[in-house]
Every structure is written in C-alpha cells, then in structure tokens.
2 protein chains.
Amino acid sequence: MAAGGAEATGEPLAIICGGGSLPLVVADRAAASGRRVLLFPLRGFGDPENFAGRDCTWVHLGQLAVFLRATRAAGCRDVVWIGSLVRPSLWQIRPDVRMLLKLPRLTAALRGGDDHLLSSMARLFEQQGFRVLGAHEVAPEILVPEGPFGGRRPSDKDDADIAMGLAYLRATSAFDAGQAVVVAGKHILAVEAAEGTDHMLGRVGEMRANGRLRAPAGTGVLVKAPKQGQDRRFDLPSIGPQTVEGAVRAGLAGIAVVAGGSVIAEPERLVAAADRAGIFVTGVTAEP
Amino acid sequence: MAAGGAEATGEPLAIICGGGSLPLVVADRAAASGRRVLLFPLRGFGDPENFAGRDCTWVHLGQLAVFLRATRAAGCRDVVWIGSLVRPSLWQIRPDVRMLLKLPRLTAALRGGDDHLLSSMARLFEQQGFRVLGAHEVAPEILVPEGPFGGRRPSDKDDADIAMGLAYLRATSAFDAGQAVVVAGKHILAVEAAEGTDHMLGRVGEMRANGRLRAPAGTGVLVKAPKQGQDRRFDLPSIGPQTVEGAVRAGLAGIAVVAGGSVIAEPERLVAAADRAGIFVTGVTAEP
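Residues numbered from 1 in each chain as written. Chains lettered and ligands numbered in written order. Predicted model: local features only at pLDDT ≥ 70, side-chain atom pairs only at ≥ 80, totals over all residues. Heavy atoms only, no water.

Asks: Describe in detail the sheet that holds strand β1 (residues 10-17) of chain A, supporting the description with residues and values.
Replies: Whether parallel or antiparallel, the strands of a sheet pair through hydrogen bonds between backbone atoms. Residue and element names in this part refer to chain A. Taken together, the 4 strands give an open sheet; going across it, the order is β2-β1-β3-β4, and neighbouring strands pair in parallel fashion. Of all strands in the sheet, those bounded by a partner on one side alone are β2 (35-41) and β4 (131-133). Strand-to-strand twist across the sheet, computed as the mean angle between neighbouring axes with direction ignored, equals 25°. In this sheet, β2 lies alongside β1 in parallel orientation, the contact comprising 6 bridges. Counted as the bridge partner of G10 is R35 from β2. Contacting β1, β2 and β3 (78-82), helix α1 (residues 22-32) runs over the sheet at an angle of about 165° to β2. (Pairing = 2+ DSSP bridges. Helix = DSSP H or I, 4+ residues; strand = E, 2+ residues; numbered from the N terminus. Axes fitted to C-alpha atoms, helices over the stretch in contact; angles between N-to-C directions. Contact = heavy atoms within 4.5 Å.)

Structure representation (structure tokens):
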C-alpha cells in the first residue's frame, strides 16, 4: 500500500529517499497529515528492508526520466530529498540522457562541494516545474529542539568542547566540506570530510582502542552543525540511534547538534539509547 | 659508536627522537658538522632497529631526570626534538617526580592542543638552562625547497586543489589541530586531526576502494602546511618516502608541502619513490 493510503487528500508529495530511517519517518508524517506520498528510494542508498511492503519506485541517482513520468502521472509538484546520501553520492550519479540534456553543466556541478551540486539539482527540478522543499518543511517535528533530550546534560568541560567544535565548523563552513567534528579536552580529535560521521566516530573508537588517544573514556563530544549559508532544504545534519551507538563506541561523553538546524530520526529510540549508555544529546545554539 | 664520533669538536647536541628516520638524518648531519650528538630515543616512538649499534639512551616521554643527568654529564646545553611524536604522544607522557615538580601545570598543558603542550615543554627545558632548537636550525638541509622535487609537476587542476588545501589549513590553523588535508576536484576528501597523515591517507585509499569516492585514481593532492604562528622549533610538517607510499595507495596525483615550513627525511629515496609511482612532490608558497 502506498504511504498515505487511499484516503489521502492533500497535494501529493514525492520523496527521494537516501539511506537511514529519516525518509520513512518524514513519509509517515506527511501521510498522517493527509498527503499522498510517492517514494523514490535511491539504489545503493535506500535500505531495501525499509521499503518492503511499501509502494515505491526504485531509481538510480540521475534517472530523471523515470521520476518525471511517475510524478506527472500522479499530478505531483512537490519534491523532498531526504536521507544520508550526499557526501558519498557525489560520484555515484548515473545521469540518463534526459538529465544530461537538462543539466549540461552537471560535470561542473560535480566538481564543487556538496552544496554546489545540490543547488544545481534543485534548479533542475525547479526548471521542471517542481517545488523543492526541505524535509523539515514537510515534517517540522524532525527539527532538533534546544536543550538536552535525555536525562544527561553536558558538563562545563563538555560545553567548552562544544563551543570549540562549533567554532571549528564555523571556520571551515565556507569550504563546503564536513559538518561534524569530535573535540575532547579542547583538543580536536577528528574532523569529518568525505567519510561521513559514522566512519569518523569509528576512527575515534579505534584511536582509543589502540592507545593513540589516552583521553579517558567518557570524554569528548561529537559536534554537528549545518554549514553557514547552507540551503536548508538539503542535507541538514541529522542524528539518529546509530549516531548514539557510534558516539558510545567512540567513548564520548555526548552529542551536540545545532537546534533548529539539524534533524533527528526516531527521537524516542535515540533518547532511550542515550539514557541507557549514560551519554548526553543536546540541541545547542550556534553563535552567528 | 656515538653519532659524531670521538673527533667531534663542537658543542654537544641532545636529540630527543620520535619516530621515523628524520632524527637520525639530523643526527648524522649534526655529527658531520663536528658536533657530538647524544641520542634520546623515546620508548614507544623511536624504532629500535634505527638505533641498533648507536650509542643512545632510551627514555620514556616525561623521564626528565634521566635526560638531565646524561646531558649535564656531557656538558650539553642544546636540545632538539625531532620525529613523529606529537599528535599521538599527548596522552602518553609518563612524568617522573622531577618533571611533575618542574611542571606543575602539566595537566593544563595536556588539555590544550599540540602547540600548547610543546611550548610548555620548551619552557621547562629552558628553565633548566637548555637552548631548545628546531631541527632545521641544526640541519637546514632538511627544509623543503620551493618547486617540484622529481620529474612530475602539478597540473592546473592540482594547483587549484593545492590552493584550496592551503586555504583550509589557514582557516583552521588557530585550532591547533591537524596540518594536512586531501583535496580532489576542489572537494575536501579528508582532514587530518589526531589520527596523523598516514592514517588519513589510508582512509582516502579505503574510500576509493569501497566506492565511497568515485574520483578517478590519480586525482587529488595531499597538502601539508605548518600552523600559522607555530613555534617552528617543533613539529614542522614532515614528509618522507612513506608519505609517498601512502599518497600512492590513496590514489593521489601528488603531494604539496609548504617550502621553508616543512621538513623532508631522505629526499633521494622520496624522489625515487615519487618518480617510480609517477606522482609529483612539490614545495609551495603559502600565502600569508
């Protein structure tokens, strides 16, 4: 059955789904608000198990013709891109002829950072008559609120690490690179770039295990922030239960993400995992 | 036989040796200039094979008393710290009582970044009557010269990646974190922090192997630069043959390091390895 069901009445919404559970969370929220939802999981990113039993159209990144046919048949003009996709996917686009015709500057777009590519893609969709929305516009509940989520709060030392992490991400924002950093004792332990947050956390865990870092377990913070001037329709930093698991394996004290500028998948599971592990997860304000 | 030999006439020089071949290269250059050299390889960093057959005193990082006894007996007042040591070692100092008495603020020093710790250590040595020198002051030949080393030169695209890498390192310099970054197609692929350059290069190779990066092999540049305002007596970025091997495994086009602000161990072996692999290694000017 299609998400949204037969009784959906609002204007249909197309969701292009990357990895993780966030696309389905948003799909279900949109459906609950009465919209018919068309799911387009991306091959290589969407997890087939997540889409079992759902009406959906699997597409390769770049298969514009398939997408246009399905959405036009449904009278759908709104489209959302959601899910972990961006950083690894830059080099994985397999443009069809239609897309190449529409986006002759694709190669140039690919040469820049993530935002550059996504802006080009958004323009392409807009030229086709679509309205490109942010996931948080469709499902505002997914935006991270201010303050701690679970039972733990950051200590003063954690606050100092958070401030340093936010400052670092602000300083590198213009480079359109990573959106996450691990800081412990005001020492920058790891910086995310193309590898993504989960791999970066894995590296911190390894450095702890092999003695390269001697900072005691239970110290350090994962800090995530959106890029400044980022088009917030795309790729807002997101956290979910697996981020908590990664932070725990990395021996961190907690996670800080920018409130109103980050999204959270499955907040209940995330809070349960954080409380069980005794780490904090908190929404913070990034200074301008 | 001690490096420097019996005929050494200049003032003796103590070298505290981290990993890699650079400490021995500097020791041999200093000895060739007529100085007696006292080697203090650090346990856990110095490679025992490198020191086989050399007169040296193995010490733990923090064993100040042993060092003071040996240098005073030799009438030695000049000391140099050399070799890969800094980033992993921050948490590995085992201070003896003497050091704790001399450096009551050790814990505070450990809490900051690398420069902070090294400045504290230098102050400590200076309080004990030592002159703390940079490796390049003792052996100026190790400083990276301007321009390409081997047969290859960076292309215009490589130059654009180098410029971006230098700009990134400049923007993050104040954070006292890493000194290296990998850039390909103006996209920042990896940023070094506590893991060190070799591990960062390994990560780029893994991302290429597992398809996370689709940039063609033979693209991308490793860019290394000293921190701005860095005390150049310590931890200048260094490259050696193993850096070339890492860059080759990472599928890069080449390596760019700041001329006059980086040091090179075994230039002949490095050039041979780079030419064999067909990658460039070049000394560049960092804009102010």
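Asks: Can you lay out the pairing of strand β10 (residues 254-258) of chain A for me, pointing to particular residues and giving the numbers?
Replies: All names here are of chain A. For β10, the buried fraction is high: 5 of the 5 residues fall into the buried class. Residues of β10 alternate between two faces, with G254, A256 and V258 on one and I255 and V257 on the opposite face, all of them buried. Here 4 bridges tie strand β8 (residues 221-224) to β10, and the two strands are oriented parallel to one another. By the bridge assignment for β10, V223 is matched with A256. (Buried < 20%, exposed > 50% of the residue type's maximum accessible area, 1.4 Å probe, protein only.)

Asks: Before we move on, could you go through the pattern of salt bridges and cite the residues and values that matter?
Replies: Tallied over the full model, the rule gives 14 salt bridges over all chains. Close ionic contact of A:R203 with B:E195 constitutes a salt bridge, the shortest N to O distance being 3.7 Å. In this pair, A:R203 sits in helix α10 (residues 197-209) while B:E195 sits in the loop between β7 (187-191) and α10 (197-209), so the two residues belong to two different chains. Judged by relative accessible area, B:E195 falls into the buried class, the value being 1%. (Salt bridge = Lys/Arg side-chain N within 4 Å of Asp/Glu carboxyl O.)

Asks: So what about the packing of helix α11 (residues 241-249) of chain B against helix α12 (residues 267-277) of chain B? Which residues, and what values?
Replies: Residues and elements named next belong to chain B. Across the interface, α11 lies against α12 with an axial gap of 8 Å and an inter-helix angle of 20°. Taken together, the axis directions place α11 and α12 in an arrangement best described as roughly parallel. Considering how the two elements wind past one another, α11 and α12 form a crossing that is right-handed. Together, P241, V244 and V248 of α11 and R269, L270, A273, A274 and A277 of α12 make up the contact between the two elements. Looking at side-chain class alone, the contact of α11 with α12 contains 7 nonpolar, no polar and 1 charged residues. (Parallel < 35°, antiparallel > 145°, perpendicular 65-115°, else oblique. Left-handed = near helix turned anticlockwise from the far one by under 90°. Nonpolar A, V, L, I, M, F, W, Y, C, P; charged D, E, K, R; others polar.)

Asks: Describe the side chain of B:H136, listing the residues and the values that go with them.
Replies: Residue and element names in this part refer to chain B. Topologically, H136 is positioned in helix α8 (residues 135-138). By relative accessible area, which is 17% here, H136 ends up buried. In this structure H136 touches I142, L143, R232, R233 and L236, once residues within four positions along its chain are discounted.

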